[in-house]
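# Residue-level structure breakdown
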Amino acid sequence: MLNSRKISDLNTYVASLCYKLIELCKSEGIEIIVTSTLRDSEYQRYLYEKVPGSTNTPLVGAHGFGLAFDVVPIVNGKAVWDNQGQWNKIGALGKSLGLEWGGDWKSIIDKPHFQYTQGLNSTELRAGKRPKFPEESEMINIMTYDLQPIAKGMLKNTATLDLCSKPSNSAKTGNKLRKGINEPFSIYAKCKNEDIEWYLVNKANEQWVAAHYVQII
């Protein structure tokens, strides 16, 4: 049974929206934490069986493809589930980013839930359909807020690594990432471009490295 809380388990674009929602809420004086990202069908079935009157146990939907996440506001260190005014603010902020909010649903209202499916339902997602994601250049522009690290990494088989101003081999800056053996560094985002996975390792100057030279620790 899988129920991840890691933002890094989300689709890259959806992860960027999740981070942005956290920052937007913070700017409005609302602290939220992520309670669920990637789920398997067993956990999804477990949740639906807990819903009073539920007559079906559907296979995994948007959560199963890294396209959805759940959040909860925190007040004085405690989760607050029943403040409708606060949920309305969080929902409005999420929708401003292009996310669908479960608080607008008519059948089963799910206020903690946000997803990016562009109207695709669970059956279509399981059939292989996916929403259209922005081009890499647009995705990078979304990542201009204060990102929190999603992972730690170490260099593999090298002490220096070329830095790029964007996730592209054609964007090398002449600068180097220099780390000693077993010296960790933070990874703030990831994306795929030019059939290569890239890690954002310097959020201040937006500098990227090719992921195949990095070991996640």
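Summarised in this report is the structure supplied together with it. (Residues numbered from 1 in each chain as written. Predicted model: local features only at pLDDT ≥ 70, side-chain atom pairs only at ≥ 80, totals over all residues. Heavy atoms only, no water.)

Scanning the model with the defined rule gives 6 salt bridges in all. A salt bridge links Lys26 to Glu23, with the shortest nitrogen-to-oxygen separation between them at 3.7 Å. Pair noted here: Lys26 and Glu23 are both in helix 1 (residues 12–27), with a separation of 3 residues, about one helical turn. The partner of Asp162 in a salt bridge is Lys172, with the nearest N and O atoms 3.5 Å apart. In this pair, Asp162 sits in strand 7 (residues 160–164) while Lys172 sits in strand 8 (residues 172–178), placing the two residues 10 residues apart along the sequence. On the basis of relative accessible area, Asp162 is assigned to the partly exposed category, the value being 29%. (Salt bridge = Lys/Arg side-chain N within 4 Å of Asp/Glu carboxyl O. Helix = DSSP H or I, 4+ residues; strand = E, 2+ residues; numbered from the N terminus. Buried < 20%, exposed > 50% of the residue type's maximum accessible area, 1.4 Å probe, protein only.)

This part covers the pairing of strand 11 (residues 196–202). Counting buried residues along strand 11, 5 of its 7 residues qualify, which places the element largely inside the surrounding structure. When strand 10 (residues 189–193) meets strand 11, the two strands line up antiparallel, connected through 5 bridges. Note on strand 11: the bridge partner recorded for Lys192 is Glu197. A loop of 2 residues connects strand 10 with strand 11, the two strands running antiparallel in sequence, and Glu194 in this loop sits at a positive phi of about 55 degrees. In terms of strand pairing, strand 11 meets strand 12 (residues 207–210) through 4 bridges, oriented antiparallel. Bridge assignment links Leu200 to a residue of strand 12, and that residue is Trp208. (Pairing = 2+ DSSP bridges.)

What follows is about the sheet that holds strand 13 (residues 214–216). A sheet is described by the order of its strands in space; here 3 strands give the open sequence 9-6-13, paired in antiparallel fashion. Bordering the open sheet on either side are strand 9 (185–187) and strand 13, each of which pairs with just one other strand. Direction aside, the axes of adjacent strands within the sheet are offset by 45 degrees on average. Strand direction decides the pairing type here: strand 6 (residues 151–155) and strand 13, joined by 3 bridges, are antiparallel. Note on strand 13: the bridge partner recorded for Gly153 is Ile216. (Axes fitted to C-alpha atoms, helices over the stretch in contact; angles between N-to-C directions.)

A few words on the side chain of His63. In this fold, His63 is placed in the loop between helix 2 (41–49) and strand 2 (68–75). The exposure class assigned to His63 is buried, which follows from its relative accessible area of 3%. Within the structure, the side chain of His63 is placed 3.3 Å from the side chain of Asp70, a separation counted as a polar contact. Discounting residues that sit within four places of it in the chain, His63 has contacts with Ser36, Thr37, Leu38, Arg39, Ala68, Phe69, Asp70 and His113. (Polar contact = N/O pair within 3.5 Å; in protein donor to acceptor, adjacent residues only side chain to side chain. Contact = heavy atoms within 4.5 Å.)

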